[in-house]
Amino acid sequence: MNALEKAEALLRAVSAEFGAPLEFLEGECTIEHDGGQEVSIQVDEASSALMLYAPLTSAGHHDREALFAWLLELNLLDDHLRGAVVGLDRMSDFLALRYRLPLEGATAEDLSALIFGLFEVAGEVNAAINEFLHHGDSDAPDDAATQSGGASADEADDPAPSRGDFA
């Protein structure tokens, strides 16, 4: 069984939890949470893994050096990310949360827990990023990432990417 076939079998197994059949179109599937947050799942056949991607908020025209230093600290020191990383999608200028799930040994329960976990973490991280961007609060990210919420009204109009390359 190749990587795409394994991924499709996992996706079929978790479909019932999302109330609709889920399938890959050209190696990608996007799931939307009730609050509008999306998680895209892409099959990386070369490494036999699933890449899960949750767009967050626009990086905007903020102090990039301070933002990237804060994001590095968030990625390295914050255990609220649950193994995911936050990066900049170079093509869209959106920040995004990304996680890699090796297909070897992965179960439907693993994938389901990861998807629901990413929805939760994305809300927390989005709130922390918005707090940092709008208030310049450079306190430890582990305190800020425990907040919950989503994009602010002015970011909600920005078109979120469905996938991306990280800087």
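Everything below is about the structure shown above.
Residues numbered from 1 in each chain as written. Predicted model: local features only at pLDDT ≥ 70, side-chain atom pairs only at ≥ 80, totals over all residues. Heavy atoms only, no water.

**Here we look at the pairing of strand 4 (residues 85-89)**
In step 1: The element strand 4 is largely enclosed, with a buried count of four among its five residues.
In step 2: Note that strand 4 and strand 5 (residues 94-102) share five bridges and pair antiparallel. Across the sheet, the residue bridging to glycine 87 is alanine 96, located in strand 5.
In step 3: Between strand 4 and strand 5, which pair antiparallel in sequence order, lie four residues; one of them, aspartate 93, sits at a positive phi of approximately 70 degrees. (Buried < 20%, exposed > 50% of the residue type's maximum accessible area, 1.4 Å probe, protein only. Helix = DSSP H or I, 4+ residues; strand = E, 2+ residues; numbered from the N terminus. Pairing = 2+ DSSP bridges.)

**As for the nonpolar core**
In step 1: Formed by 43 residues in total, the largest nonpolar core has its most connected members in Ile41, Leu50, Leu52, Val86, Leu97, Leu111 and Ile129.
In step 2: Elements with a minimum of two residues in this core: helix 1 (3-14), strand 1 (28-32), strand 2 (38-44), strand 3 (49-58), helix 2 (64-77), strand 4, strand 5 and helix 3 (108-135).
In step 3: Examining the composition of this core, we find that 13 residues originate from one element, helix 3, more than from any other.
In step 4: Apart from the residues within four sequence positions on either side, leucine 97 is in contact with Leu52, Tyr53, Ala54, Leu56, Leu81, Ala84, Val85, Val86, Leu118, Val121 and Ala122. (Core = buried A, V, L, I, M, F, W, Y, C linked by side-chain atoms within 4.5 Å. Contact = heavy atoms within 4.5 Å.)

**Observations regarding the layout of surface pockets**
Regions of empty space are outlined by a rolling probe, equal in size to a water molecule, passed over the atoms.
In step 1: Each pocket or cavity is described by its volume, and for the second largest pocket that value is around 150 Å³.
In step 2: What lines the second largest pocket is Leu81, Arg82, Ala84, Tyr99, Leu101, Asp110, Ala113, Leu114, Gly117, Leu118 and Val121.
In step 3: At the level of secondary structure, the elements contributing two or more residues to the lining of the second largest pocket comprise strand 5 and helix 3.
In step 4: With six residues, helix 3 is the single largest residue contributor to the lining of the second largest pocket.
In step 5: Its residues assigned to classes, the lining of the second largest pocket shows eight nonpolar, one polar and two charged. (1 Å grid on protein atoms, 1.4 Å probe; cavity = no way out; pocket = protein on both sides within 12 Å on 5 of 7 lines; lining within 4 Å. Points joined across faces, edges and corners; volume = space filled by probe spheres on them. Nonpolar A, V, L, I, M, F, W, Y, C, P; charged D, E, K, R; others polar.)

**Section: the packing of aromatic side chains**
In step 1: Overall, the coordinates contain two aromatic pairs when judged by the stated rule.
In step 2: Ring centres of phenylalanine 116 and phenylalanine 119 lie 6.5 Å apart, and the angle between their planes is 65 degrees; this geometry places the pair in the edge-to-face category. Remark: phenylalanine 119 and phenylalanine 116 occur in helix 3; sequence separation between them is three residues, near one turn of the helix.
In step 3: Overall, the relative accessible area of 7% leaves phenylalanine 119 in the buried class. (Phe/Tyr/Trp six-rings, centres within 6.5 Å; stacked < 30°, edge-to-face > 60°.)

Geometric descriptors of this kind do not, in isolation, establish any biological role.
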